[in-house]
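Breakdown of the fold
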Amino acid sequence: MHKIIVKIFCCIFLLFTFFVIHAKTIQPEKNHHKALIVESATCEYQHNPLGIESANPRLGWVLRTANNQRGQYQTYYCIQVASSEKKLLNNVADVWNSEKRETIQSNNISYLGKELASGKRYYWRVKVWDKFGRETAWSKVFYWEMGLIHELDWKGKWIEDTTEIISNDSMRYRDHPAPIFNKQFGIAKKVQKATLYVCGIGYYEAYLNGNRIGNHELDPGWTDYSKRVLYSTYNVTAFLESGVNSLGMMLGNGWYDPLPLLMWGRINIRKGLTVGNPKFIVQMNILYEDGTTSQIISNNTWKVTAGPIIRNSIYLGEVYDAGSELPNWNKPGVNTSEWRQASIAKAPDGKLHAQQLPPIVVADSIVPLSIKEINTGHYIVDFGRNFSGIIQLKAKGKSGTVIQVKYGELLYTDGSLNMMTSVAGQIKRKKIGGPGAPDTAYSKDVFILGKKEEKIFQTHFTFHGFRYAELTGYPGILKLTDIKGLVLYSDVAQVGNFSCADTMINQLMQVSKNTFLSNVFSVQSDCPDRERFGYGGDIVATSESFMNNFDMSRFYEKTVIDFADAVQPDGGLTETAPFVGIADRGLAGKSGPVEWGSVLPVLMQQLYQYYGNIELIKQQYPVAKKWVDFMTEHADYGIITKTIGDHESIDSQVIASSATAFYYHNVELLVQFAKLLGYQSDVVKYSILKDTIKAAFIAKFYQPSTGYVDIHTAAAQAYALYFNLIPHGATENVLQVLLNEVTIKNNGHISAGIFGTKFILEVLSKAGYFEIVYQMVSNKTYPGWVYMLDHGATTLWEHWAYNENVYSHNHPMFGTVSEWSYRHLAGIRPAENAIGFNEIVIQPQIATMQWAKASYQSVLGKILSSWKKTEQDFILEVEIPVNASAIVYIPGNLTEIKEGGKPIATMADIKFVKEEKNYSVLQIGSGKYRFSVALNHLSSLNFKYQSKL
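Residues numbered from 1 in each chain as written. Predicted model: local features only at pLDDT ≥ 70, side-chain atom pairs only at ≥ 80, totals over all residues. Heavy atoms only, no water.

This part covers the pairing of strand 43 (residues 873-880). Counting buried positions along strand 43 yields 6 of 8 residues, so the element is predominantly enclosed. The sheet contact formed by strand 42 (residues 861-869) and strand 43 spans 6 bridges and is antiparallel. Counted as the bridge partner of Ser865 is Val878 from strand 43. The loop that links strand 42 with its antiparallel partner strand 43 comprises 3 residues. Where strand 43 meets strand 49 (residues 927-934), 8 bridges bridge the pair, whose relative direction is antiparallel. If you follow Val878 over to strand 49, its bridge partner there is Tyr929. (Buried < 20%, exposed > 50% of the residue type's maximum accessible area, 1.4 Å probe, protein only. Helix = DSSP H or I, 4+ residues; strand = E, 2+ residues; numbered from the N terminus. Pairing = 2+ DSSP bridges.)

And the structure:
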C-alpha cells in the first residue's frame, strides 16, 4: 500500500512538473502575442545601412500592438549586437548586450558596446517590455556596416588627369573632355564579399565590369571640400568575375570645378568655394572564401583618357559626342595601351566622411504632355509640369548630327521657349558674366550622333529646372516615345499624406510638393536653375513644410553641419552653405543676415522635436553659442538694425524688428539647448540676455496706445505674436491690428514675404481665426497661391506677381501653406516640448470644409487625423503611435462627445483636460480612436470669425 501511494505521489509530481515546464515554455509565447511588436528598426535613421562612421551609432525602432491596445508604451528594452547573425540567433551577443534597461525611449539609443571596426558588419536585434511588464519576442535581425572610420584605413590615393594647365578664366569655357579612368585586375579565388568605397569630386560615375555601381546621380553630395568630402559604400560582390575584372571611373566638374561665371555680374563662386581639378579616390576591400583578403585601390597604375563628355557645367549644361565614345572602356580586356598614366593628386583639405544623407536618384520619369513643331525641325516639348532633372532622348541619324536642347520654365505668347527665369545669376547681356562667359547664361545640352544605330542620350553631370525643352537639329520627326523627362532629387522618403474636400487646396499641396522635391539636391536650394544655393532663410521659412511631407532627418542634419562648416572665425554664420561668397546685409565680414544665419539653431531644435536628435545639439552647441555672442557684439542695446528682412514682401518690409525678433529667438533656442545639456551657467546668462532683448524690442517697436508693432504691417504684428515679443496682456490689441491689416487693408489677401507669410498663417490659425486664413489661402485674385495656380503654376513662384523675365517659378519659400494644411486643416503637429514627436497635438480647424485628413509617419510610427461632417455628426478619427501621447481638441461640450459610440465620461483611457474656445481638450495615449459629436450640438457654437469692425 505504501508503494502504491508513493507511485501515485510520483505520478502526480511528474504531471505537476510537466505542466509547470509546459507552462513556462508556452506562457511567454502567449505574453508575446499580447505584448508589443517591433515593426521596424533603424540605425542612424536608416534601414540596414552601409558605411556608418559613428563610434556610437544611434539605434531606433517602431512598435505596434498586436491587437490595437490603447495607451501602450515601452517600459524596458534590451538590445543585443553580435559579430554574426548566427551568433545572435544563438543568443551570443559578443559585441554588446545592453541588458534590460528601463526607459520609454525607442529612438536615438546610442550603441555602447565594444569598439567598432572599419568595414565590419554588425547584427542586432531588440526586444521590449510593455506597460504591463510583458516581454516581446525578439525582433527580426537587423544590421549596420561600418565604413572606413580611421584615416589610416584608406589605402587608396587621390588621383586625377593633368593634361592641361588653364591659365585664365576664359579658357574654362572651351572644350575640356571629362576624363575616364580604368584599372584592370584579376580575381583567382572565390569571393565571399567585396565592398567598394568611392568618392569623386566634383561628380563621378563608377563602373565595375561595365555595370554602373549604385543608383546615385550627381554624387557625392555637395559640401565644403575644405572641411568634408563624402564617400559612398557599395556591396559589389555580385559584379566580380573570375579572371580579369575592370573598374572604371568617369569624372565631372560639379561644384568642385565650376565655371567662373560672375553671378549678377559681381560674384565669382569659384572664389567662395574650394575648387580644383576633378579627382577621385577608390578602395575595394575583397574577402575571399578561404579567409584571405586583398585590395584594389586608386593609384598611379590607373590609366586615363578623354571621354565623350566634351563639356559639362552645373549651370550651362553638357555636350556629349557619341562619336568620341570608346567602346567597352569600362569592361575587362579593354586596350588602354595608348591611354595616359593617372597622376597622384593633392588630397582635398577636407576629411573623408561616409555619406549619410539620402542620395540624388532618378525618382520618376515623365512622358511629355505634347510636342509641337513651331518651325521646320524646331520642336517645343511640354512635360506638363515644372521639375528638376534631365531628359532621355532617342535619336538615329547621320554621324556628326548635332542636336541642341535648351530648357525653360515658360513659353512666350508665340509658343517659343522663354529661358529668362532660369538664366544663371541673371547673366543676360554682354560682358556681365566675365571673360569667356556667354552673353546669356542659359541652360543647354548638346548631343552629337556617332554611329548610325539608335542612340539613347542623357546627361551625366548636370541637371536643369524646367517644364519645356526646345530641340533643334533632331534627325527625323520627334515623337512622344522618343523623349522623356527624368525627375531627379535627393531620395527623401515621403512620410506625410494630406487631402481635403477642397480640390484647390489639394492641388496647392501637390504644387508645393513638386516645388520641394525640385529643390533637394543634397542642399535645399532656393531654385533649381539660376542659383541652386543653400540659402538659410529659405530653409528657416519652410523646414517644417518639408518635414511634414518628407523624412528630412538625415538631409537636415547634413544642412546643420554644412552651416557649421561655413561658420566664420568671428562666429558669424553665412547666408548660404556651402558658402559661395554671398554676404548680403550681414552684421560683419562674411556673415549672412540674422534670419538666414538662424537656420543652424532652428534646425537643431526642429530635428530634436521631430526626430529626437540630441546628439546634434551636443555637437553644435558651441557654434550656436558663438553665433549668439557674435550677434550680441553687433547689437545696439538689444536691437539689430541691419538685415534683409521679410524678403519679397508686398507690404513695406520689416527690417530692424525682423532682425531683432530672430536675434531673440536664437537666444531663446540657446537657452533651451543649455537646459537640455545641463549648462546651468549658460542658462542663467542667456536667460538674462533674452529678457533684455524682449524688453528692448517692446520699448523700441510696440505702441501701447494703438497696439502697433513697428510699421504695423500684417507681418510686423505677426512677428511679435509668433515670438511672443509683446507685453503681458497685449495679445488682443496686437492681434486686432493684424486682423485689420489682413481683412481691411489687404482685403483678405496675403501680403507678406518669406517669414511673415509663415507667421501670419500660424498666428491667426492658433488664435482661432481659421476662416480668415482660409480666405487668404483660397483667394483667386492677386496676391495669393490660387492666383499662381490660375496662371498655370505647377510649382510655386519666388514672387507673388507673375513674372516672365526675372523671378524663379520654382521656389519653395511660400510653401509654408503646406505646413498650415497639416498643422491646422488636418490638425497634426508636435507639441512644443515634444522629443521625437512623442507629444502630439491634434487640433483640426473644422469650419467651412466638409472633411480633411492627414497621416504622418513619425519616428515612433503612424499619426492620423481624419475628420468629416456627415448629415448628423462631426467625426474625428485619430491614431497615435506606441510611446506617444496626444492632446486632442474636439468641438463641443464634454457631455456631448462620444468615442466609439460611448460617452467620453465612461472612457477610462481618455482624460479631460480643459475647455478652450468651444473645444473640449482631451488627453489620450496610443491607439485608434473615433470621436463624434452631433452637429446640432455645434450649431450654437461660433467657429467663424465675426468682424468687430
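Ordered in space as 13-12-15-10-20-23, the 6 strands form an open sheet in which the pairing is antiparallel. Single-partner strands in this sheet number two, and they are strand 13 (211-212) and strand 23 (340-341). Sheet topology places strand 20 (residues 303-306) next to strand 23; 2 bridges connect them, and they run antiparallel. What sits directly across from Lys303, in strand 23, is Gln341.

In this structure, Thr870 sits in the loop between strand 42 and strand 43. Separated by 462 residues in sequence, Thr870 and Gly408 place their C-alpha atoms 46 Å apart. When sequence neighbours within four positions are dropped, the list of residues in contact with Thr870 reads Ile875 and Leu935. (Contact = heavy atoms within 4.5 Å.)

On to the packing of aromatic side chains. Within this structure, the stated rule accounts for 54 aromatic pairs. Measuring from ring centre to ring centre gives 5.4 Å for Trp61 and Tyr77, while their planes differ by 65 degrees; the resulting arrangement is edge-to-face. Of this pair, Trp61 sits in strand 2 (residues 58-65) while Tyr77 sits in strand 3 (residues 76-82), placing them 16 residues apart in sequence. Accessibility classification places Trp61 together with Tyr77 in one group, the buried group. Each ring, one from Phe516 and one from Phe546, has its centre 4.3 Å from the other, and the planes form 35 degrees; the classification is tilted. Here the residue Phe516 occupies a position in helix 4 (residues 503-517), and Phe546 occupies one in helix 5 (residues 536-549), the gap between them amounting to 30 residues. (Phe/Tyr/Trp six-rings, centres within 6.5 Å; stacked < 30°, edge-to-face > 60°.)

Counted by the stated rule, this structure contains 39 salt bridges. Lys625 is the salt-bridge partner of Asp682, the closest N and O atoms lying 3.2 Å from each other. Taken as a pair, Asp682 in helix 11 (residues 680-701) and Lys625 in helix 9 (residues 614-634) lie far apart in primary sequence, 57 residues in all. On the accessibility criterion, Lys625 (25% relative accessible area) is partly exposed. Put simply, Glu916 and Lys914 hold a salt bridge, and the shortest N to O gap is 2.8 Å. Given the relative accessible area of 27%, Glu916 is considered partly exposed. Residue Lys914 is classed as partly exposed on the basis of its relative accessible area, which comes to 38%. (Salt bridge = Lys/Arg side-chain N within 4 Å of Asp/Glu carboxyl O.)

Another point: the sheet that holds strand 48 (residues 919-924). With respect to topology, 5 strands assemble into an open sheet ordered 39-40-44-48-47, the strand pairing being mixed. Strands at the two margins of the open sheet, each flanked by one partner only, are strand 39 (828-830) and strand 47 (910-916). Going across the sheet, the axis of each strand differs from the next one's by a mean of 25 degrees, ignoring polarity. By the bridge criterion, 6 bridges tie strand 44 (residues 885-891) to strand 48 in an arrangement that is antiparallel. (Axes fitted to C-alpha atoms, helices over the stretch in contact; angles between N-to-C directions.)

Turning our eyes to something else, we now look at the packing of helix 12 (residues 714-722) against helix 13 (residues 731-745). Close contact between helix 12 and helix 13 brings their axes to 8 Å; oriented N to C, the two are set at 150 degrees. Taken together, the axes of helix 12 and helix 13 are roughly antiparallel relative to one another. The handedness of the crossing between helix 12 and helix 13 comes out as left-handed. Contact residues: helix 12 offers Ala714, Gln717 and Leu721, while helix 13 offers Thr731, Val734, Leu735, Val737, Leu738, Glu741 and Val742. In the contact of helix 12 with helix 13, the residues fall into 7 nonpolar, 2 polar and 1 charged. (Parallel < 35°, antiparallel > 145°, perpendicular 65-115°, else oblique. Left-handed = near helix turned anticlockwise from the far one by under 90°. Nonpolar A, V, L, I, M, F, W, Y, C, P; charged D, E, K, R; others polar.)

The subject of this paragraph is the side chain of Glu879. Inspection of the secondary structure assignment puts Glu879 in strand 43. No salt bridge forms around the buried Glu879; measuring N to O, its nearest opposite-charge neighbour Lys862 is 4.1 Å away. Beyond its immediate stretch of four places on either side in the chain, Glu879 contacts Lys862, Ile863, Leu864, Gly927 and Lys928. (Lys, Arg positive; Asp, Glu negative; His and termini not counted.)

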